[in-house]
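Listed below, chain by chain, are the residues.
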Amino acid sequence: AAWLEQQHYRAEANFPCARVGAMPRSAGFVKIAALLAGVGVAYSTWRVAGFVGRIRNYRETARNAAVPAPEGFAVEGATAERATALKWFVIDDQVMGGHSQSGLNMTSDGHIEFSGVISTKGGGFCSCRTLGDEELLGVPESAEAIEVTAEGDGQQYKLSLSTAQDDLWAMSAPSWGHDFHTE
């Protein structure tokens, strides 16, 4: 037992940082670290809130710029009135700080021309979509296929459809996508 007490004493003597006098210095360090952590959290929250605000502003600006589909454009087989009066708008990677730009042109012969320039610096996508995510198009449940007629520049594109009955931006609704090449 005396040997154990002696070892215990030696271990204490070899670790002077365990002195009570070192506590105020450590407590000050902890306070500074906690303050810096709090500032870091506040700054991160401010940045996230700013990012979310920019997304909301971009979304509203894009939606307000929506244009009606040209006369003669149709979603054949769809039964909802909305399917005959679609309004289209673009969403590009600018929503997340990118540099891509696109636009829509409604032609007199009933076509929608979607064109733009994709920049992979800070993003890398351009898209167009319709207003009215809260309403269904009225595609019959018995439908077995959807046919899309597209002409283009030989590049690959993606068609995405969703069953959203609320805001599609929430990304909570089931969706389906298919890549296709144009000629």
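Residue numbers restart at each chain and count upward from 1, following the sequence in its written direction. At least 70 in pLDDT is required for a residue's local features to be given in this predicted model, at least 80 for side-chain atom pairs to be given and counted, and no such filter applies to totals for whole chains, interfaces and linings, which use all residues. Note: side-chain values were computed over all heavy atoms of the structure, leaving out hydrogens and water.

Novice: Describe in detail the nonpolar core, supporting the description with residues and values.
Specialist: Within the largest apolar cluster, six residues are counted, these being Tyr-58, Ala-62, Ala-66, Phe-89, Ile-91 and Val-95. Each helix is a run of H or I in the DSSP string that is no shorter than four residues. Each strand is a run of E no shorter than two, and both are numbered from the N terminus. Within the residue set of this core, elements represented by two or more residues are helix H2 (23–64) and strand S2 (87–92). If near-sequence neighbours (up to four positions away) are discounted, Ala-66 is found in contact with Lys-87, Trp-88, Phe-89 and Leu-131. The definition of a nonpolar core used throughout is a set of buried Ala, Val, Leu, Ile, Met, Phe, Trp, Tyr and Cys residues joined through side-chain atoms within 4.5 Å. Note on classification: 1.4 Å probe, protein chains only; a residue is buried when its accessible area is under 20% of the maximum for its type, exposed when over 50%, partly exposed between these limits. The contact criterion used is simple: two residues touch if any of their non-hydrogen atoms lie within 4.5 Å.

Novice: Can you explain a nonpolar patch on the surface? Please cite residues and give values.
Specialist: On the surface, Val-48, Phe-51, Val-52 and Met-96 cluster together into a nonpolar patch covering about 330 Å² of accessible area. Within the secondary structure layout, Val-48 lies in helix H2. Nonpolar side chains (Val, Leu, Ile, Met, Phe, Trp, Tyr) within 5 Å and like charges within 9 Å form the patches, drawn only from residues with over 30% relative accessible area and no salt bridge. Using a 1.4 Å probe, accessible areas were evaluated by the Shrake-Rupley method; residue-level cover was limited to the displayed protein chains. Within this document, salt bridges are pairs made up of a side-chain nitrogen of Lys or Arg and a carboxyl oxygen of Asp or Glu, the two lying within 4 Å of each other.

Novice: Lay out the confidence of the model for the protein in plain terms, naming residues and giving numbers.
Specialist: Residue-level confidence of the predictor is summarised by pLDDT, bounded by 0 at the bottom and 100 at the top. The predicted model of the protein averages 76 in pLDDT, with 75% of residues at 70 or higher. Within the protein, no element has a lower average pLDDT than helix H1 (residues 2–13), which sits at 45, and none a higher one than strand S3 (residues 101–106), at 92. In the model, residues 1–23 has pLDDT below 50 throughout and makes one contact with residues more than four positions away in sequence or in other chains.

Novice: Tell me about the pattern of salt bridges, residues and numbers included.
Specialist: Across all of its chains, the model carries one salt bridge by this definition. Arg-59 serves as the salt-bridge partner of Glu-60, at 3.7 Å between the closest nitrogen and oxygen. With a relative accessible area of 18%, Arg-59 lands in the buried category.

Novice: Requested: an account of the state of the cysteines, with residues and values cited.
Specialist: Pairs of cysteine sulfur atoms within 2.5 Å are identified as disulfides in what follows. Evaluation of the coordinates by the stated rule reveals zero disulfides. Lacking any disulfide linkage, Cys-126 is separated from the closest cysteine sulfur, that of Cys-128, by 9.9 Å. A residue is classified by how much of its surface remains accessible, and Cys-126, at 18% relative accessible area, is buried.

Novice: Can you break down the packing of aromatic side chains residue by residue, with the values?
Specialist: Within 6.5 Å between ring centres, the rings of Phe, Tyr and Trp (the latter by its six-membered ring) count as paired, and their orientation is classed by plane angle as stacked under 30 degrees, edge-to-face over 60, tilted in between. One pass over the structure, following the stated rule, counts two aromatic pairs. Each ring, one from Phe-73 and one from Trp-88, has its centre 5.9 Å from the other, and the planes form 90 degrees; the classification is edge-to-face. With Phe-73 in the loop between strand S1 (67–68) and S2 and Trp-88 in strand S2, the pair connects residues that are 15 residues apart, well separated along the chain. Taking the relative accessible area as the measure of exposure, Trp-88 reaches 14% and is therefore buried.

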